[in-house]
Amino acid sequence: ADSSGDKEHGMKFMAESPDESALIAAASQLGVEFLHRQMDEISVRVLGERKTWKIIAVIPFDSTRKRMTSLIQKDDGTCVLFCKGADTTVLPLVKGFDPDSENGLGSAVPHADQAGAHLDRFSKIGLRTLVIAAKEVSADDATAWKGIWDEARGSIVDREGEMESAAAQMECELNFVGVTAVEDKLQDGVPETLRQLMRAEIKVWVLTGDKQETAINIGYSCGLLDESQKVFIFNASSEAQAATELDRLQLEVSKAGISKKALVVDGPTLAHILDNPNLEGSFLELCTSCVAVVCCRVSPLQKSQVCRISYCIYWK
């Protein structure tokens, strides 16, 4: 992806994702400018002062981890680990994290109330959020871990498991830094196209990795969801709860007098459904009674599974 970049200095940023490009452009406006990247180092200008940092290792993003981590060494020799990703995967790595607290962070996390409120507000207005965390690492620990990481990357037996184990050794006891929010603009003509499809009585399913609040907001902004519909939310934290909620929703949908119904279901709930053939069948029946289905917080694997079961409905 590319962005307009830093117009003042005539630079155009290139990145693997629009989010990264947007964050680099925003950082530049705040005085932290990206200048140059090589395989093992990065040059930046911080408030007018040029700095070159060594990239010790990068733990890449994948659909399971939903986060990316970089271990760098600053020009003063200090080693720092930075981690960014989905709140559901980064926050549990933060010191003081308390999943049962009201804000989802815990009182031990600095500015927890503000951060929790920001995450909630950003999601509700349709912005894609990321959580950033970091920690300082001693030079000796960084060197020792780099050896473990390189060995894991080169393993020919259970390479993914070895890399996951190595990553877990470094991605822990992090300090909460903050949250970011990026607007995910719709392409031109999307609302009009979706409205035309639904007028033709074509049922539309949307599969996204966004948070539930974000997905719902985008659903309304793109015309997939509207006030004429009855929107049902399907969330469950266990297989037993998924079965109970599924029965309840089927009853509610059947009794709903309104003709247009939509369903919103999250990834954790889908995980319980897709592992149980009986629940899968009932879930499909529920989906076929809805004009729109939004699956949020889903991984690439879950997207393929949902495509498979939807194919079974419409192309038997």
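Everything below is about the structure shown above.
Just so it is clear, the structure is predicted and the values come from calculations on it, not from any experiment. (Residues numbered from 1 in each chain as written. Predicted model: local features only at pLDDT ≥ 70, side-chain atom pairs only at ≥ 80, totals over all residues. Heavy atoms only, no water.)

Caption draft 1: Looking closely at the sheet that holds strand β10 (residues 261–266). The four strands are arranged β8-β11-β10-β9 in an open sheet whose pairing can be described as parallel. Since the sheet does not close on itself, it has two edges, and those belong to β8 (204–207) and β9 (230–234), each with one partner. Taking the axes of each pair of neighbouring strands and ignoring which way they run, one obtains an average angle of 15° across the sheet. Relative to β10, β9 runs parallel, the two sharing five bridges. Paired with Phe-232 across the strands is Leu-263, a residue of β10. (Pairing = 2+ DSSP bridges. Helix = DSSP H or I, 4+ residues; strand = E, 2+ residues; numbered from the N terminus. Axes fitted to C-alpha atoms, helices over the stretch in contact; angles between N-to-C directions.)

Caption draft 2: How the structure looks around the sheet that holds strand β4 (residues 67–73). On the basis of which strands lie adjacent, the open sheet formed by seven strands has the order β1-β2-β3-β4-β5-β6-β7 and antiparallel pairing. Two strands bound the open sheet, and with one partner strand each, they are β1 (32–37) and β7 (175–183). Direction aside, neighbouring strands of the sheet carry axes that sit 30° apart on average. Across the sheet, helix α4 (residues 139–153) is in contact with β3 (49–59), β4, β5 (79–85) and β6 (127–137); its angle to β3 comes to roughly 40°. (Contact = heavy atoms within 4.5 Å.)

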